[in-house]
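Architecture at a glance
As a plain string of letters, each chain reads:
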2 protein chains.
Amino acid sequence: MIGVVATLKVQPDKSADFEKVFLGLQNKVKANEPGCLMYQLTKSRTEEGVYKVLELYASADALKAHGGSDYFKAAGAAMGPTMAAAPVIEYLDAVE
Amino acid sequence: MIGVVATLKVQPDKSADFEKVFLGLQNKVKANEPGCLMYQLTKSRTEEGVYKVLELYASADALKAHGGSDYFKAAGAAMGPTMAAAPVIEYLDAVE
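Residues numbered from 1 in each chain as written. Chains lettered and ligands numbered in written order. Predicted model: local features only at pLDDT ≥ 70, side-chain atom pairs only at ≥ 80, totals over all residues. Heavy atoms only, no water.

As annotated in an unreviewed UniProt entry, chain A is Antibiotic biosynthesis monooxygenase from Caulobacter segnis.

Comments concerning the relation of the copies chain B and chain A
Between the two copies, chain B and chain A, the superposition gives an RMSD of 0.0 Å; the rotation angle is 180° and the shift along the axis is 0.0 Å. Within this description, the copies of the chain are treated as partners about a two-fold rotation axis. Taking C-alpha positions as the reference, the residue of chain B nearest the rotation axis is B:Leu54, at 3.5 Å. A shared interface surface links the copies, since 100% of the contact residues of chain B are contact residues in chain A too. (Least-squares fit on C-alpha atoms with pLDDT ≥ 70 in both. Contact = heavy atoms within 4.5 Å.)

Re the UniProt feature "domain: ABM" (unreviewed entry) in chain A
Listed under "domain: ABM" (unreviewed entry) in the UniProt record, and renumbered for this structure, are residues 2-91 of chain A. Structurally, residues 2-91 of chain A is divided into 41% helix and 32% strand, and its ends, taken at the C-alpha atoms, are 7 Å apart. (UniProt positions renumbered as here; feature names shortened; annotations may be inferred. Helix = DSSP H or I, 4+ residues; strand = E, 2+ residues; numbered from the N terminus.)

Considerations on the packing of helix H1 (residues 15-32) of chain A against helix H3 (residues 70-79) of chain A
A packed helix pair is summarised by two numbers, namely the angle formed by the two axes and the spacing between the axes. Residue and element names in this part refer to chain A. Two elements in contact, H1 and H3, have axes separated by 10 Å at closest approach and are oriented at 170°. With respect to each other, H1 and H3 are oriented roughly antiparallel. Residue-level contacts link Phe 18, Val 21, Phe 22, Leu 25, Lys 28, Val 29 and Asn 32 of H1 to Tyr 71, Phe 72, Ala 75, Ala 78 and Met 79 of H3. Residues that form the contact of H1 with H3 fall into these classes: ten nonpolar, one polar and one charged. (Axes fitted to C-alpha atoms, helices over the stretch in contact; angles between N-to-C directions. Parallel < 35°, antiparallel > 145°, perpendicular 65-115°, else oblique. Nonpolar A, V, L, I, M, F, W, Y, C, P; charged D, E, K, R; others polar.)

A short note on the state of the cysteines
Counted according to the given criterion, the structure contains zero disulfides over all chains. For the unlinked cysteine A:Cys36, the closest cysteine sulfur is that of B:Cys36, found at 17 Å. (Disulfide = S-S within 2.5 Å.)

Let's talk about helix H2 (residues 60-68) of chain B
Residues and elements named next belong to chain B. Along H2, the residues classified as buried are Ala 62, Leu 63 and His 66. On an axial view of H2, the arc spanned by its buried residues comes to 100°, and they lie on one face. With respect to the buried face of H2, the exposed residues turned more than 90 degrees away are Asp 61 and Lys 64. Residues of H2 that are buried make contact with strand E1 (2-9), helix H1 (15-32), strand E2 (36-44), strand E3 (50-57), helix H3 (70-79) and strand E4 (88-94). (Buried < 20%, exposed > 50% of the residue type's maximum accessible area, 1.4 Å probe, protein only. Arc of directions from axis to C-beta.)

Comments concerning the interface of chain B and chain A
Every contact between the two is made by 26 residues of chain B and, on the other side, 26 residues of chain A. For the pair chain B and chain A, the summed buried surface comes to about 2,200 Å²; carbon and sulfur atoms form 62% of the total. Taken together, the connections running from chain B to chain A amount to four salt bridges. Residue A:Arg45 pairs with B:Asp93 through a salt bridge whose shortest N-O separation is 3.0 Å. At the level of elements, E1, H1, E2, E3 and E4 of chain B are the ones that each hand at least two residues to the side of chain B that touches chain A. The greatest single-element share of the side of chain B that touches chain A, amounting to six residues, is contributed by E2(B). (Buried area = accessible area lost by both parts, 1.4 Å probe. Salt bridge = Lys/Arg side-chain N within 4 Å of Asp/Glu carboxyl O.)

Some thoughts on the packing of aromatic side chains
Applying the stated criterion across every chain yields a total of six aromatic pairs over all chains. Pairing A:Phe22 with A:Tyr39 gives two aromatic rings, centres 5.7 Å apart and planes at 10°, and the pair type is stacked. Of this pair, A:Phe22 sits in helix H1 while A:Tyr39 sits in strand E2 (residues 36-44); the two residues are 17 residues apart in sequence, bridging distant segments of the chain. In this structure, A:Phe22 and A:Tyr39 share a single accessibility class: buried. An angle of 40° between the planes, with centres 5.8 Å apart, marks the rings of B:Phe18 and B:Phe22 as tilted. A residue pair is termed a helical-turn pair when its members lie 3 or 4 positions apart in one helix, as B:Phe18 and B:Phe22 do in helix H1 at four residues. For B:Phe18, a relative accessible area of 0% corresponds to the buried category. Here the aromatic cluster, defined as three or more aromatic residues joined through ring pairs, consists of A:Phe18, A:Phe22, A:Tyr39 and A:Tyr51. (Phe/Tyr/Trp six-rings, centres within 6.5 Å; stacked < 30°, edge-to-face > 60°.)

Following this line, the structure appears as structure tokens:
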């Protein structure tokens, strides 16, 4: 399994737009990706405008399928104008 | 829901000991805590000896029950001698 923590910094006045797009993406991921075991948007309690996505995939193939989907690419494009910085993606190997 | 990312830095020669104790804890959490929706030990690909635990709880009560269990306290005591630094625990609010 592979874990991911994606850190997304959003512009102060764009939180509502960002959350709407991201939750739409999250629903599509949960409906279409059996190899995605968790995909949850969370919000920092300490850093204004900072969101973290907690993700877990069954395999490298499942992670690849996630990033290659049309709805992922469309959501990325729609989120772009709401972002305050480039996303920071941390990949982690599950210990099993 | 509440997310947690716990960062644990382990001494270079204590990884095997740490993983054994932690995976035992992880099994107990999964068996006994219906309010814990995810609890997965992962290992950094970039920082030697750094582990991150990806956690998701249904509620604040579920998180409190987790930290208050006897097996959690016992595992914490057993892991202590393997750690290289104090744990860093980040709490995150799920966006729903």
